[in-house]
Number of protein chains: 2
Amino acid sequence: MNDALRTAPDLDETDLAILERVEADFDVSLETLAEELDVSKSAVHYRVNKLKDNGVIKGITADIDPLAFGLEMVAITDISVTHESGYSEEIGETLAALDGIEQVYYTMGDVDFVAISRVQSRDQLNDLIDRIVAIDGVNETSSRFVMQEFENKREITANLAEEARNNILTPSNQ
Amino acid sequence: MNDALRTAPDLDETDLAILERVEADFDVSLETLAEELDVSKSAVHYRVNKLKDNGVIKGITADIDPLAFGLEMVAITDISVTHESGYSEEIGETLAALDGIEQVYYTMGDVDFVAISRVQSRDQLNDLIDRIVAIDGVNETSSRFVMQEFENKREITANLAEEARNNILTPSNQ
DNA sequence: AATGAAATCGACCAGCA
DNA sequence: TGCTGGTCGATTTCATT
């Protein structure tokens, strides 16, 4: 059995086509979708609903431009913690809850956490780092400025390698 | 003048309230929104449209659960490039185009690029790293496994520090 | 910028393969 | 289970303020 796919519901090509389309842009009429995919409106509606029930589609959200809020500065911060504390779960949640921090990863290796943050100014970044080091158990931090972000595409379906796509369409555990 | 806000269109509290709501969940009726925000349905609709025209709302998208595709493995890869090549822009775009890579950051410092990738298996990660080192100009890579992701909330409005929020509502450059 | 009415579109349901 | 076609309610559009 392919362990990586144990949670995957069975999807066919039409489901994948719908997902690829709506993951990039949901602001489209059912009718347009139906024409593009060459199925009926009702069928699209039925499948989209099922994908929502399945949890494959976690939600419909509006993507907001960070620059519209002046959030022009991105930083990557490595954070190491004192291991005797052992509260990595708690520290991770505390980090993720800080204003300005977008993502927190707990990693294997010397550095324990990697945080990606987005702020308006260098002052706000300094303030954020102060708030990070003030967290109990945080040992050391080291930040890098991001000069350029490439294609902040977070599209799952657009990132599937061919092998991964094949695994979904023809699961070994069916 | 507050340099960080030069691109910010003027937003009022109602706009912010709409954005906070729809950034987390757009799958809501106009009526519900109107009740929650205590404005008329038409007004909500008008403002949402304006925010789309403004570019503040970049788009409406479906969020897909990576686990539904068996994408259980996340890695952070530091990538250094040979500087005589000078094609960092091109390398960044090439990296971002690789299947499996979600985000690419070009940073200041020893490490030139940081890539976040999401794959189904260790094999796929090895394959991805092979594809990275095969890129012309790539010098060295070093990857860390992510053991846990904390609150992958990418919500701009939820991450604003109070100062940042105040900057938007009462811009110094108005 | 916001409204209300008219036109359009999507959600839901009973029924069918 | 997956889909059809039709009805009703919701949303979009637009003239108007």
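Residues numbered from 1 in each chain as written. Chains lettered and ligands numbered in written order. Predicted model: local features only at pLDDT ≥ 70, side-chain atom pairs only at ≥ 80, totals over all residues. Heavy atoms only, no water.

1. Focus: the interface of chain A and chain B
Taken together, the 82 residues of chain A in the interface contact 82 residues of chain B. Taking both partners together, chain A and chain B bury about 7100 Å²; carbon and sulfur atoms supply 57% of that area. In this structure, the salt-bridge partner of Arg144 of chain B is Asp78 of chain A, at a minimum N-O distance of 4.0 Å. On inspection of chain A and its partner chain B, the count reaches 29 residue pairs in polar contact (both at pLDDT 80 or more). (Contact = heavy atoms within 4.5 Å. Buried area = accessible area lost by both parts, 1.4 Å probe. Salt bridge = Lys/Arg side-chain N within 4 Å of Asp/Glu carboxyl O. Polar contact = N/O pair within 3.5 Å; in protein donor to acceptor, adjacent residues only side chain to side chain.)

2. Thoughts on empty space enclosed by the protein
Tallied over the full model, the rule gives 2 cavities of 30 Å³ or more. Together, Asn159, Leu160, Ala161 and Ala164 of chain A together with Leu71, Asp99, Gly100, Arg118, Val119, Gln124 and Arg131 of chain B line the largest cavity. For the lining of the largest cavity, the secondary-structure elements that each account for two or more residues are strand 4 (113–119) and helix 5 (122–133) of chain B. Residues belonging to the lining of the largest cavity are distributed by class as follows: 5 nonpolar, 3 polar and 3 charged. What the second largest cavity holds in volume is close to 30 Å³. Every residue lining the second largest cavity is listed: Leu71, Gly100, Glu102 and Arg118 of chain A together with Glu155, Ile156 and Asn159 of chain B. Looking at the lining of the second largest cavity residue by residue, the class counts come to 2 nonpolar, 2 polar and 3 charged. (1 Å grid on protein atoms, 1.4 Å probe; cavity = no way out; pocket = protein on both sides within 12 Å on 5 of 7 lines; lining within 4 Å. Points joined across faces, edges and corners; volume = space filled by probe spheres on them. Helix = DSSP H or I, 4+ residues; strand = E, 2+ residues; numbered from the N terminus. Nonpolar A, V, L, I, M, F, W, Y, C, P; charged D, E, K, R; others polar.)

3. Quick notes on the protein's contact with DNA strand D
The environment of DNA strand D is made up of Ser40, Ser42, Ala43, Tyr46, Arg47 and Lys50 of chain A together with Ser29, Leu30, Glu31, Lys41 and His45 of chain B. Per the 4 Å cut-off to the protein, sugar and phosphate atoms form 68% of the nearby atoms of DNA strand D. Between Tyr46 of chain A and DNA strand D, the recorded distance is 3.2 Å, taken from a side-chain N or O atom to a phosphate oxygen. Measuring from a phosphate oxygen of DNA strand D, one finds a side-chain N or O atom of Arg47 of chain A at 2.8 Å. No other element matches helix 3 (residues 41–54) of chain A, which puts 5 residues into the surface near DNA strand D. (Near = heavy atom within 4 Å.)

4. Let's talk about the pattern of salt bridges
Scanning the entire structure with this criterion turns up 22 salt bridges over all chains. Here Lys52 of chain A and Asp27 of chain B are joined by a salt bridge, their closest N and O atoms 3.0 Å apart. Taken together, the residues span two chains, with Lys52 of chain A in helix 3 and Asp27 of chain B in the loop between helix 1 (13–24) and helix 2 (30–37). Lys52 of chain A sits in the partly exposed class, given a relative accessible area of 25%. A salt bridge links Glu102 of chain A to Arg118 of chain A; the shortest N-O distance between them is 2.7 Å. On the criterion of sequence distance, the pair formed by Glu102 of chain A in strand 3 (residues 101–107) and Arg118 of chain A in strand 4 (residues 113–119) is long-range, its members being 16 residues apart. (Buried < 20%, exposed > 50% of the residue type's maximum accessible area, 1.4 Å probe, protein only.)

So far we have only geometry, and geometry alone does not tell us how the molecule works.
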